[in-house]
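Listed below, chain by chain, are the residues.
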Amino acid sequence: MTMSQRVARLRQQSLDARPTISTERAELMTEFYRQDLGLVSAPVRRALAFQYLMEHKTICINDGELIVGEKGPAPKATPTYPELCCHSLEDLDILNSREKISFDVSPEARKVYEETIIPFWRGKTMRELIFQEMTEEWKAAYEAGIFTEFMEQRSPGHCVLDDKIYKKGFLDFKRDIQRSLDSLDYLNDPDAYDKQEELKAMDICADALIRFAERHAEKALELAQQEADPQRKRELERIAEVCSYVPAHAPRDLWEALQYYWFVHLGVTTELNPWDSFNPGRLDQHLYPFFNPPLSPPVGGMKGGEEGDHKGAPLPRQQAEELLQCFWIKFNNQPAPPKVGVTAAESSTYTDFAQINLGGLKEDGADGVNELTFLLLDVVEEMRLLQPSASIQVSKKSPDRFIKRAGRIIRTGFGQPSVFNADLVVQELVRQGKSLADARNGGTSGCVETGAFGKENNNLSGYFNMPKVLEITLHNGVDPRTGKKIGLETGDPTQFETFEQLFEAYRKQLHYFVDIKVRGNNVVERLYARYIPAPFLSLLIDDCIASGKDYHDGGARYDTTYIQGVGVGTMADALTALKYHVFDRKTLTMAELLAALGDDFVGYERTRQLLLNKTPKYGNDDDYADDVMVAVFDAYFDAIDGRPTTKGGTYRINLLPTTVHVYFGSVIGATPDGRRAANPLSEGISPVQGSDRRGPTAVVKSVAKMDHVRTGGTLLNQKFTPQLLGDDGGLDNLVHLIRTFFKLDGHHIQFNVVDAATLRAAQQNPEQYRDLIVRVAGYSDYFCDLGQVLQDEIIARTEHQAF
Amino acid sequence: MFRERRCIRCGTCQTVCAQGAISVVGDVVSTDREKCTLCGTCVEACYAEAREIVGREVTVAEVMAEIEQDIAFYDQSGGGVTLSGGEPLVQRDFLLALLRACQEKEIHTAVDTCGFATWETLDRLREHVDLFLYDLKLMDDARHPKFTGVSNETILRNLQRLSTLGHDIILRVPIIPGINDDEENIRRTGAFAAALPRLNQLNVLPYHHAGADKCSRLNRIYGLPETRPPSDERMFEIVQILQGFGLPIKIGG
């Protein structure tokens, strides 16, 4: 595959565009809220606000584009969401000047904030309301770094679309909404009125998006009239046609399908700023019918014609490629909403995590890998962009060449695609109670999170710092960093006689903090449901229209709330060290160990070496350490899985860090695994960086001892040098490694293929390595955008030289 | 072996050595190898893992436990266990017991050997060996003893017999500049290999310098300090010559 000149230009424009703060959305939202609408229900108010945005925001059609529309007025012009989190002037200054993940804030923008936005929104934001409603215990735990709060700056998200927009237009959704309204039972259903309001709101939103598309059609025609180049003129006229047809109607061809999705994506991410933006999900499945003639030549003939369910006019392959490449660039133009404080540290990146799933299983259980899967892999490789991210969903039924094709991209060091076990994902969803069909149509989103696409609200509520809880246990409820008692008094650890006593104390402490987090979550859920519903997103996710309930209020067919556990590797090694040296071998007393930790090993180098080297470690297929890992996992699972949410849903666990292992590590002192104070924790479920010393096969064996199926996603990072995958034999080995890991029921694995020398060079000369993309957690990022601590941590991740 | 960069200069090794063989003076740690009895106490005591005795005693059961950990990978990839050395045939009885144990678990076995053993030894082992990785260093027997200490007559004869009996064999030919990379040796190697009744593959292994580091950890002098690895062009030439004999060649392996 090659890039056309157009695509090359658009791609370069995307790479060159500077992330800037656009105040347009904030200004429009402020204007809207200034209006006195009288008594308006919350959903209708939000719908009218959405309509106001869609009616007034700048329409952007970039030169040469085929798929049109930006979240802001221009590529990477990033809107803000003051109704959720109103940045202060100080925040804006930090955003403008900070070294990593900065956003240009023009003096005009700053002035708008100073004179208009801040004065209006202070005291009215969701963030302030959340902190107001949280208990003192919650605040103490939050400030200590025990957990983070995902909804303090962003709305509930992690949502993925299914195939509904390829079959239905918004006029069809409006008909569904009307049907639902007509069936409301005002005599017997006490919620009838609330549902009415929600459905009314959805209807307003549907109209708003249709209008938004029409405004693009109008603009395109305007540009066409002024266009001298006849080819571009035709294109603009076609764009106008497309934007008049979708999203009102179901798409007829690939161009309309892509544009339709894109409008929906902009709608979701303009209404609010949900985590992981939005996601077309199983794109190779959804777009397959739009290839006509079909991508695989029909048996016994050359003509495709109108056979089967293939749609639209014959589509030259080259044009299809170009459209897909243009589609890809659209994602790259949308940096994640600017974060500050803890939220910035936990997710320090521009990427907004739209993870496109390739392969997997069809609803009937057949292998989903098709020719479009391979074409999209070509697009991933050719475009080499930060966003969107892409994953391969590998099932037993997927052919080996699918994995090998992805391997050829992975070995270029791009960090994409990540690799998932499609069969296990189905099992995870079915365990959680999803139907088989919904499970097979699901996949993974964000970093590694499992979901029933189009049918589920699988929201992540915040990261949880297991090693911090251990530290507090070792100090009998006190946070040694501040001296404050924020936990339970579970006993003086020097008095524990057995490892079981220590672990029991940890479990109590864990439950205590999980209770605090869940109590907080249960309030945050209500705040969003009551004050900031999302009627536009709701009309896209089943069964909100049928139930008349908002996405934030249990309207989806399935509702799951996750608390993401962090630091499994560090926990396994720390507890193993305690078990091995303090309780089993009695090499050290608890007091001696705590003294060494308290002094950050200064004057205790021999002890530190003992802990680092003469101790069983997770990641080496050593049952001694791996059994401890399983105990840590089980404790976390027992504390969370199965609890009810306020939306009629259930709590589950997953294990991924994004970048929070750096922040979480920074609030913890030295740990019994030999880690120095403030250093990053282990990431995902990977072994502690540098502790896996027996090769990737041993890592896979260790990691597989966790029962992944009881999670909603786990994250394993492995780093290889380029030589390892340099030839066909290397790729074959990669396939074998992946297949074996998945045979052992692993959920996910991803590969960083860059040698340490290159990374160190990039640290020294970032300007020469601007395009260096590496795998961080469940996503890739520009190495030079990463903070130095994270850079060092990636370098330290064990680099395997041989299988 | 002593890994100088790991040493934290705590002096524990000196304290625990019953022979007084270790001295730590300032930054310099030295071991008197005449006094050292290889008791291993200092190795245990070194928490930084800077000291290592290469080699330890194990039972067949211990080795099998380690081998069996990776069965899932062998099943998937069609791989198995490779027994190497030093020279594994020197530990004939242990090797036999281990190979038998692997076969019982249907684990594929490969033995990496220079072939210098009695036929009787090889004959006893061969039914338990699925694949031989067999070294072929130098064809000229007038020079062979100078570099290996022994004649190559037995080595070549054993190879011939194994091949005639139908065993799977991969030949491994190290390419050491200035010693065996001359055209004559390459041609004679090619001719000999091509005349074998059966051969799976011939791997040419470019010389590398990694052994120098081990030598310094053992306080020994490295024998080829000036020798550089063969260039890519040279390797290509060598491969061309060997391919001319109709042999399946791979660089590395």
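Residues numbered from 1 in each chain as written. Chains lettered and ligands numbered in written order. Predicted model: local features only at pLDDT ≥ 70, side-chain atom pairs only at ≥ 80, totals over all residues. Heavy atoms only, no water.

Another point: the overall build of chain A. On a plain count of helices and strands, chain A comes out with 31 helices and 17 strands. Taken over C-alpha atoms, the radius of gyration comes to 26 Å for chain A, in line with the 28 Å a tight globule of 803 residues would show. Each of the three principal axes of chain A carries a C-alpha extent, and together these read 80 × 65 × 55 Å. By residue count, 66% of the 803 residues in chain A fall in the buried class. Pairs at least 24 apart in sequence give 76% of the contacts found in chain A among residues at least 6 apart. Of the accessible surface of chain A, which amounts to about 26,600 Å², a share of 49% is contributed by carbon and sulfur atoms. Computing the positive centroid from 91 side-chain charges and the negative centroid from 115, chain A places the two 2 Å apart. (Helix = DSSP H or I, 4+ residues; strand = E, 2+ residues; numbered from the N terminus. Rg over C-alpha atoms; globule rule 2.2 N^0.38 Å. Buried < 20%, exposed > 50% of the residue type's maximum accessible area, 1.4 Å probe, protein only. Contact = heavy atoms within 4.5 Å. Areas by Shrake-Rupley, 256 points an atom, 1.4 Å probe, with all protein chains shown as cover. Lys, Arg positive; Asp, Glu negative; His and termini not counted. Charge placed at Lys NZ, Arg CZ, Asp CG, Glu CD.)

Residue and element names in this part refer to chain B. Positionally, Ser30 belongs in strand β2 (residues 28–31). Here Ser30 falls in the partly exposed class, since its relative accessible area comes to 33%. Leave out the neighbours within four places in its chain, and Ser30 touches Ala21, Ile22 and Ser23.

Each partner contributes to the interface: chain B provides 18 residues, whereas chain A provides 19 residues. Considering only the surface of chain B that becomes buried against chain A, Tyr47, Phe73 and Gln76 of chain B emerge as the three largest contributors, covering 44% of it. The tally of links from chain B across to chain A stands at two salt bridges. For Arg694 of chain A, the salt bridge goes to Glu66 of chain B, with nearest N and O atoms at 3.4 Å. The tally of links between chain B and chain A comes to ten residue pairs in polar contact (both at pLDDT 80 or more). Of all elements in the fold, only α2 (41–45) and α4 (71–77) of chain B reach the threshold of two or more residues within the side of chain B that touches chain A. At five residues, the largest contribution of residues to the side of chain B that touches chain A is made by α4 of chain B. (Buried area = accessible area lost by both parts, 1.4 Å probe. Salt bridge = Lys/Arg side-chain N within 4 Å of Asp/Glu carboxyl O. Polar contact = N/O pair within 3.5 Å; in protein donor to acceptor, adjacent residues only side chain to side chain.)

Residues and elements named next belong to chain B. Pairing in this open sheet of six strands is parallel, and the strands run β3-β4-β5-β6-β7-β8 from one edge to the other. At either end of the open sheet lies a strand with only one pairing partner, and these are β3 (80–83) and β8 (249–251). Averaged over all neighbouring strand pairs, the angle between strand axes comes to 20°, with direction disregarded. With four bridges connecting them, strand β4 (residues 108–113) and strand β5 (residues 131–135) associate as parallel partners. (Pairing = 2+ DSSP bridges. Axes fitted to C-alpha atoms, helices over the stretch in contact; angles between N-to-C directions.)

So, on to helix α16 (residues 400–410) of chain A. Residue and element names in this part refer to chain A. The element α16 is largely enclosed, with a buried count of eight among its eleven residues. Those residues of α16 lying buried are Phe402, Ile403, Lys404, Arg405, Ala406, Gly407, Ile409 and Ile410. Where α16 is buried, its residues contact β3 (355–359), α15 (371–383), β4 (389–394), β5 (418–421), α29 (728–743) and β14 (748–753).

Within helix α2 (residues 24–34) of chain A, the full set of buried residues consists of Glu24, Arg25, Ala26, Leu28, Met29, Thr30 and Phe32 of chain A. Those residues of α2 of chain A hidden inside the fold are in contact with β1 (20–22), α3 (42–56), β2 (77–79), α5 (107–121) and α11 (254–271) of chain A.

Before going further, it helps to examine the domain arrangement of chain B. A common way to report how large an interface is uses the accessible area buried once the components associate. Each domain of chain B was delimited in the assignment, giving domain 1 (4–45) and domain 2 (60–251). For domain 1 of chain B versus domain 2 of chain B, the distance between C-alpha centres works out to 36 Å. (Domains from an automatic or database assignment.)

Time to look at the packing of helix α19 (residues 466–474) of chain A against helix α23 (residues 568–584) of chain A. All names here are of chain A. Orientation of α19 relative to α23, taken along the N-to-C sense of each, is 30°, at an axis distance of 8 Å. In terms of orientation, α19 and α23 fall into the roughly parallel class. Residues Met466, Pro467, Leu470 and Leu474 of α19 form the contact with α23, whose own contacting residues are Val568, Thr570, Met571, Ala574, Leu575 and Leu578. The residue inventory of the contact of α19 with α23, partitioned by class, reads nine nonpolar, one polar and no charged. (Parallel < 35°, antiparallel > 145°, perpendicular 65-115°, else oblique. Nonpolar A, V, L, I, M, F, W, Y, C, P; charged D, E, K, R; others polar.)

Moving on, we get to the pattern of salt bridges. For side chains bearing opposite charge, pairing can occur when the charged atoms are close. Residue and element names in this part refer to chain B. In the structure shown here, the tally under the stated rule is 76 salt bridges over all chains. Residue Arg198 is joined to Asp168 by a salt bridge in which the shortest nitrogen-to-oxygen separation is 2.3 Å. Here the residue Arg198 occupies a position in the loop between α9 (183–195) and β7 (201–206), and Asp168 occupies one in the loop between α8 (153–164) and β6 (169–175), the gap between them amounting to 30 residues. Taking relative accessible area as the criterion, Asp168 reaches 26% and is therefore assigned partly exposed.

This part takes up the sheet that holds strand β8 (residues 456–465) of chain A. Residue and element names in this part refer to chain A. The strand order across the open sheet formed by three strands is β8-β11-β12, and the pairing between neighbours is parallel. With partners counted over all chains shown, the strands left at the sheet margins are β8 and β12 (650–654), one partner each. Strand-to-strand twist across the sheet, computed as the mean angle between neighbouring axes with direction ignored, equals 30°. Taken together, the five bridges between strand β11 (residues 558–566) and β12 define a ladder with parallel strand orientation. Residue pairing across strands places Gln564 opposite Asn654, the latter belonging to β12. Packed on one face of the sheet, α19 meets β8 and β11 and runs near 40° to β8.

All names here are of chain B. Tracing the chain through its elements places Asn185 in helix α9. Taking relative accessible area as the criterion, Asn185 reaches 5% and is therefore assigned buried. Separated by 45 residues in sequence, Asn185 and Asp140 place their C-alpha atoms 7.3 Å apart.

The subject of this paragraph is unusual backbone geometry. Residues and elements named next belong to chain A. The peptide bond linking Val246 to Pro247 adopts the cis configuration, its omega dihedral lying at 5°. Assignment of secondary structure puts Pro247 in the loop between α10 (230–245) and α11. Omega for the peptide link from Gln416 to Pro417 comes to -10°, which places this bond in the cis form. With respect to the helices, strands and loops of the structure, Pro417 is situated in the loop between α16 and β5. Even without being a glycine, Lys76 presents a positive backbone phi close to 65°. Looking at the element boundaries, Lys76 is found in the loop between α3 and β2. In this structure, Lys586 is a non-glycine residue whose phi angle is positive, near 55°. With respect to the element layout, Lys586 can be found in the loop between α23 and α24 (590–598).

In this section: the nonpolar core. Among soluble globular proteins, nonpolar side chains are generally buried collectively. Counting 210 residues, the largest nonpolar core has Phe170, Phe464 and Leu540 of chain A as the members making the most contacts within it. Looking at this core element by element, the count peaks at 14 residues for helix α9 (residues 192–226) of chain A. Membership of the second largest hydrophobic core comes to 45 residues, among which are Cys102, Leu125, Tyr134 and Leu196 of chain B. (Core = buried A, V, L, I, M, F, W, Y, C linked by side-chain atoms within 4.5 Å.)

Here the focus is the packing of helix α4 (residues 89–97) of chain A against α5 of chain A. All names here are of chain A. Running from amino to carboxyl end, α4 crosses α5 at an angle of 155°, the nearest separation of the two axes being 10 Å. The orientation of α4 with respect to α5, classified from their angle, is roughly antiparallel. The handedness of the crossing between α4 and α5 comes out as right-handed. Along its contact with α4, which presents Leu89, Leu92 and Asp93, the element α5 presents Arg110, Tyr113, Glu114 and Ile118. Here the contact of α4 with α5 is composed, by residue class, of four nonpolar, no polar and three charged. (Left-handed = near helix turned anticlockwise from the far one by under 90°.)

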